[in-house]
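Results of the structural survey
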Amino acid sequence: KYAVWPSANEINIPFDILTSAKETRNNATGKDLAATQKPYTIADGNNKITIVGNPNLGAVKSIMIGIRNPKDNGALPHSAEVWVNELRLTGIDESGGWAALARADLKLADLGTFTVSGNMHTAGFGTLEQQIDERYKDNFHQYAASLSLELGKFLPQDVNLRLPLYASISESFSNPEFDPYELDVDLNDKLEEISTTYGTDSADIYKRSVIDYIAVKSINLSN
């Protein structure tokens, strides 16, 4: 097979170098947004990587392969036949994650009940039949607690009054593995870049802006 398709024909493109090129450009230009619209080129061995704008590998829909026919000193014409065999993706990060779930129900004699629960999962967790891109891409944790009491039990029986009280609270935090605005950049790397350029306060503000946070609190006194 190597006589038909020599190994020299293979073109291997590590996606990391594309993301690194964007991060290098951003670090070099700083806050100059106009500079991001100009071609920025870095060298990687025998290859050149040029970036314009703010491309995002997390939103790629198509890939173009360009064949260049440069003029030599004699400006001679050239003719070529180009075969593109296949496009493959290898070296996918298959690191797994884990998840946990806990729940406790307590009965407070005839006063009422108390329930507390919690669940969490880390990035990479998924079921056996799920593909890699279907697994969780965030670090998530949630807790919830609820209390149901019959306050009428604290009053004399001859009052004959029922006061059912229900109170609950729940909070959930979802920390994305990748920056939601640049889906090909690890969030921790992005926060480190912001901290180095603008300070830790800016990194903390940015982190709070990308975390999905939900809080629900309720209290209800009937009758």
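Right above here is the structure, for reference.
Residues numbered from 1 in each chain as written. Predicted model: local features only at pLDDT ≥ 70, side-chain atom pairs only at ≥ 80, totals over all residues. Heavy atoms only, no water.

1. Examining the sheet that holds strand E9 (residues 212-221)
- Pairing is antiparallel across the open sheet formed by five strands, whose spatial order is E3-E4-E5-E6-E9. At either margin of the open sheet sits one strand with a lone partner, and together these are strand E3 (99-108) and E9. Each strand of the sheet is rotated relative to its neighbour by a mean of 5 degrees, with strand direction disregarded.
- Alignment of strand E4 (residues 112-121) against strand E5 (residues 138-150), held across 10 bridges, turns out to be antiparallel. Residue pairing in the sheet places Asn-119 in a bridge with Gln-142 of E5. (Pairing = 2+ DSSP bridges. Helix = DSSP H or I, 4+ residues; strand = E, 2+ residues; numbered from the N terminus. Axes fitted to C-alpha atoms, helices over the stretch in contact; angles between N-to-C directions.)

2. Focus: the environment of Thr-19
- Summarising the element assignment, Thr-19 is placed in helix H1 (residues 15-29).
- Relative accessible area serves as the criterion here: at 10%, Thr-19 is assigned to the buried category.
- For Thr-19, the contacting residues outside a window of four places in its chain are Leu-57, Asp-184 and Val-185. (Buried < 20%, exposed > 50% of the residue type's maximum accessible area, 1.4 Å probe, protein only. Contact = heavy atoms within 4.5 Å.)

3. Some words on the side chain of Asp-138
- Within the fold, Asp-138 resides in strand E5.
- A distance of 2.9 Å separates a polar atom in the side chain of Asp-138 from a polar atom in the side chain of His-121.
- At 2.6 Å, the side chain of Asp-138 and the side chain of Ser-174 are in polar contact.
- For Asp-138, the residues in contact, after removing those within four places along its chain, are His-121, Thr-122, Ala-123, Ser-174, Asn-175, Pro-176 and Glu-177. (Polar contact = N/O pair within 3.5 Å; in protein donor to acceptor, adjacent residues only side chain to side chain.)

4. Focus: the nonpolar core
- Residues Leu-187, Leu-191, Ile-194, Ala-203, Tyr-206 and Val-210 constitute the largest nonpolar core, which totals six residues.
- Elements that contribute at least two residues to this core include exactly helix H2 (187-198) and helix H3 (200-210).
- Those residues in contact with Val-210 that sit more than four places away from it in its chain are Ser-174, Pro-176, Asp-179, Pro-180, Tyr-181 and Leu-187. (Core = buried A, V, L, I, M, F, W, Y, C linked by side-chain atoms within 4.5 Å.)

5. Observations concerning the packing of H2 against H3
- Put simply, H2 and H3 touch, their axes get as near as 7 Å, and they point 145 degrees apart. Relative to H3, the crossing made by H2 is right-handed. Within the contact between the two elements, H2 uses Leu-187, Lys-190, Leu-191, Ile-194, Ser-195 and Tyr-198 and H3 uses Thr-200, Ser-202, Ala-203, Tyr-206, Lys-207 and Val-210.
- Here the residues of the contact of H2 with H3 sort into seven nonpolar, three polar and two charged. (Left-handed = near helix turned anticlockwise from the far one by under 90°. Nonpolar A, V, L, I, M, F, W, Y, C, P; charged D, E, K, R; others polar.)

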